[in-house]
Amino acid sequence: MSIAPAHTLPAQAPRADPPPTRQRLWLALHFHGLPLCAATDPDGGERAPAPDTPVAVLETVARTQRVIAVNAAAVRAGIGNGMKPGEARGVCPVIRLTDRDRPREQAILAALADALEEFSAEVAVAGESALVMEAGRSLKLFGGVRALLQRLEERLRHAPDYHCALAPTAGAAALCARGGLSVCIEDMRQLRSRLGDLPVTCLDIEPRGRDLLGAMGIATLRDLLRLPRRGLARRLGPAFVRQLDELLGERPHFPVPHRFTRRFTACLHLDEETADSSIIMQAANRLLGRLERRLRHCDSAVNALRWTLEATHPRERLVLDMPLATPAWRADGLAFLLRLRLESVTLAAPVRRLSLASDVFASRSRRQQHGIPGLARAAGQDHEFIDRLRARLGERAVRGICALPEHRPEHAWSACEPGTAAAMPQAGPARPLWLLPAPSPLFALDGQPRLDGALRLYGDTERIRCGWWDGRGVFRDYRQALTRRGQRLWVFHEPPAGRWYLHGVY
Amino acid sequence: MSLDPAAPDPFAAGDGASPAWRVKRDCFLQRRDITVGGLVEPSAREVLSTGFESLDRYLPGGGWPLGALTEILTAPGEPGCLWLALPALVELSRRQQWIAMIAPPRIPYAPALAGRGMDTGKILLVHPRARSDALWAVEEALRSDTCSSVLFWLHGPDNKTLRRLQLAAEQGNTLGFCFRPAAGAGQRSTAAVRVRATPAPDGALVDILKVRGGRARRDLALRYADIGYA
């Protein structure tokens, strides 16, 4: 940082630095339409007025309420910024006046910052309605500034109105965007000259400082930069001078990066209440398209989704939880699962609002990235098939079985997640293929069991005696038996002369 | 391979057979809804050995047909002779695909299956609540190529349902086993193989009621000892 002589700030750069070979280029977006967008809730909803309704947003400025944003219909009706509510209503009686909704504005801004992850890894929030992102390092990827701006315009088609500017420093870009100056300044040395005509109101100063500058007659940035530094520092504070230095690139500035949310939440209001699943699926497809795009930009997948369908009359909501067997990122697969689920669910009331929430993003497993379908199939069992079955039949309707190392027959198996690796097969006498859930007592005559006629016992006795340590001890003698019709059974009795029970069928 | 080598082939072209006649004969033989007794149908479907030599001898190709349904009719009150299909299932469990069991009457006992060499990690147990859900699940499993075999226990499926399931099995090249009570033997069915099993002291007596491209047989004795079971 160069310390200029105290009494003057020269108009040109104090030293001639050779321009760095790869200069940072910051792109700033100032959403001047943000208050209006937040107030009118573009996704539809209870608050959304018809597009032809004049709408104005009010804010309390200096203890009076004034209009700070108007939509096109209101402009046509003759409403302008700065009017008081009474004045506005006098000019246009049907105007809708809403208060400024700052929390919603911040939420929309955060969502827009997440959307910019497509273009840059370094995105920061600059002020209350502007975003800056570092664009210089990936210019070659996008094919130049013009191509980048075109892609940005297409991506932000449904975003609130904005001004866009590019400059070597983040502060300068934000300043230009706030001033409505859509320029692309690539050379640091041109900064002073090109920023010169911007009004000082675009800077981030507190109202006291702004009044002071107004009283001094300083209107543009050029005038401001001519003032002596020490005087400025004394009157407006050293932080202000530091801000100016950062703006002009004489002091390095690292904006606090925005942390991209690793979850997805979105909701959509349907135009009309409906119980028709095809219309709900259309809305769901839009939400899933957004989710897929988000997942593509951060190379992630989701493990679980939660759909919420809300109705207004009566006020009910239906929550559908869809955990997935493997991380998924494709919208068509998720839409199919939702359709299966909707078929098995009856909607009690017509649905008005559909929301989608995902859990924390997970990384995509490498195995599933095969582009060749045959290869993916051969690489492992298809868990998507299980998801499909579970979507229609329910979570617990699809299970796997596994054998456990345990002597007691009823505990030697358990239901588990399909695909669990099997325990080692046990050597020993052959077990029946079907086990009864609980041993069923058999009628016995003269100590011989009977089921539909006398049972003929054969084979060796197998004695199982264990489990005394956890209160579920068994002490049984197992035999194989043959019914009159030739069916093989697995029966046991408790020695020495207990009841006979049937435990399995071969 | 013809089942009866000595019999003359009724469709052999004799002397003086015109080309038009040959074309008509070929079209006739290739129709899928006609099977000619005594001739093996010229299909390229694979078969999987049943594990029983005496059964393999009478099934065309030498085993259960993949990509088609096999009906196994059993006496009522029995869970179905799963052990008839077991050697084939053990072989299929070596592949990287599911073996789906849909609506089994009881839970198959995992240690028994593991003890006979099956990889129980490939088994999917599906318990649908409604019949329509059960039919849907069976069709999905047969049609998708993620299942190598589907075993299902449906109550009295009619011929239309079976035909639909047969088409699904063809699409997915899945071996389908339909277990039903023997009372359904009189009903017409489009399954590729229909087999009735009556339990016997050392195994079962099997009647092949119908097999595509072969003849019906009665009273084939299959023993547990044939497949090495005690």
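No experiment lies behind these values; they were computed from the predicted model shown.

Looking at the overall build of chain B
The secondary structure content of chain B amounts to six helices and ten strands. In chain B, buried positions account for 45% of the 230 residues. When contacts within chain B are restricted to residue pairs at least 6 apart in sequence, those whose partners lie at least 24 apart make up 68%.

So, the packing of helix H13 (residues 277-297) of chain A against helix H14 (residues 331-343) of chain A
All names here are of chain A. Contact geometry for H13 and H14: axes closest at 9 Å, N-to-C directions at 150 degrees. Classified by the angle their axes make, H13 and H14 are roughly antiparallel. Considering the relative orientation of H13 and H14, their crossing is right-handed. In this structure, H13 contributes Ser277, Ile280, Met281, Ala284, Asn285, Leu288, Gly289, Leu291 and Glu292 to the contact, and H14 contributes Ala331, Leu334, Ala335, Leu338, Arg339 and Leu342. The class makeup of the residues in the contact of H13 with H14 is ten nonpolar, three polar and two charged.

Let's talk about the pairing of strand S6 (residues 147-152) of chain B
All names here are of chain B. The element S6 is largely enclosed, with a buried count of six among its six residues. Note: strand S4 (residues 98-102) against S6, five bridges, orientation parallel. Paired with isoleucine 102 across the two strands is phenylalanine 152, which belongs to S6. Pairing geometry for S6 and strand S7 (residues 175-181), over four bridges, is parallel. Across the sheet, serine 149 pairs through a bridge with leucine 175, a residue of S7. In this fold, S6 hands off to helix H6 (residues 159-172), which returns the chain to S7; that crossover is right-handed.

As for the confidence of the model for chain A
Mean pLDDT over chain A stands at 83; residues scoring 70 or higher make up 89%. Taken as a whole, residues 368-380 of chain A scores under 50 in pLDDT and shows 13 contacts with residues more than four places along the chain or in a different chain.

A closer look at helix H7 (residues 170-178) of chain A
Residues and elements named next belong to chain A. Where burial is concerned, most of H7 is hidden: nine out of the nine residues are buried. Every buried residue belonging to H7 is among Ala170, Gly171, Ala172, Ala173, Ala174, Leu175, Cys176, Ala177 and Arg178, and all of these are buried. Elements that come into contact with the buried residues of H7 comprise strand S1 (26-30), strand S5 (123-125), strand S6 (130-134), strand S7 (163-167), helix H8 (191-195) and helix H12 (238-248). One or two steps after H7, the chain reaches glycine 180, where phi turns positive at roughly 80 degrees.

So, the confidence of the model for chain B
This prediction gives chain B a mean pLDDT of 80; 82% of its residues lie at or above 70. Scored as a whole, the predicted complex attains pTM 0.60, and scored at its interfaces, ipTM 0.78.

So, the nonpolar core
Grouped together as the largest cluster of nonpolar side chains are 83 residues, with contacts concentrated most on B:Ala100, B:Ile102, B:Val126, B:Val138 and B:Val150. At eight residues, the largest contribution of residues to this core is made by helix H3 (residues 82-92) of chain B. When near neighbours in sequence (up to four residues on either side) are disregarded, B:Val138 contacts B:Ile102, B:Val150, B:Phe152 and B:Leu165. Counting 59 residues, the second largest nonpolar core, distinct from the first, contains A:Leu36, A:Leu58, A:Met83 and A:Ala173.

Description of the interface of chain B and chain A
Residue-level contacts link 38 residues of chain B with 40 residues of chain A. At the level of elements, H3, helix H4 (110-115), strand S5 (123-126), helix H5 (131-143) and strand S8 (193-200) of chain B are the ones that each hand at least two residues to the side of chain B that touches chain A. Split into classes, the residues belonging to the side of chain B that touches chain A amount to 24 nonpolar, eight polar and six charged. As judged from the two bridges shared by strand S13 (residues 398-403) of chain A and S5(B), these two strands associate in the antiparallel manner.

Rules behind the numbers
- Once a new chain begins, its residue numbering starts again from 1 and follows that chain's sequence as written.
- Whichever chain is written first is A, and whichever ligand is written first is 1; the rest continue in order.
- With the structure being a predicted model, the display of local features is reserved for residues of pLDDT at least 70 and the display and counting of side-chain atom pairs for 80 or more, all residues being used for whole-chain, interface and lining totals.
- For helices the rule is a DSSP run of H or I covering at least 4 residues; for strands it is a run of E covering at least 2, with both sets numbered from the N terminus onward.
- Each residue is classified by how many other C-beta atoms fall within 10 Å of its C-beta atom, where C-beta atoms are placed from the backbone; a count of 20 or more means buried, 12 or fewer means exposed, and values in between mean partly exposed.
- Two residues qualify as a contact pair if the distance between their C-beta atoms, derived from the backbone, is within 7 Å.
- Whenever a helix is involved, its axis is fitted only over the stretch in contact; in every case the axis is a line through C-alpha atoms, and angles between N-to-C directions fall within 0 to 180 degrees.
- By definition in this entry, angles of less than 35 degrees are roughly parallel, angles greater than 145 are roughly antiparallel, angles of 65 to 115 are roughly perpendicular, and the rest are oblique.
- A crossing counts as left-handed when the near helix is turned anticlockwise from the far one by less than a right angle, and as right-handed when that turn is clockwise.
- Under the grouping applied here, Gly and all other residues not named as nonpolar or charged are polar, the nonpolar ones being Ala, Val, Leu, Ile, Met, Phe, Trp, Tyr, Cys and Pro and the charged ones Asp, Glu, Lys and Arg.
- Paired strands are those between which DSSP finds at least two bridges.
- When the strands point away from the viewer, a crossover counts as right-handed if the route from the first strand across the helix to the second turns clockwise.
- Confidence scores here are pLDDT values: one per residue, from the predictor, ranging 0 to 100.
- Buried Ala, Val, Leu, Ile, Met, Phe, Trp, Tyr and Cys residues whose C-beta atoms connect them within 7 Å together make up a nonpolar core.

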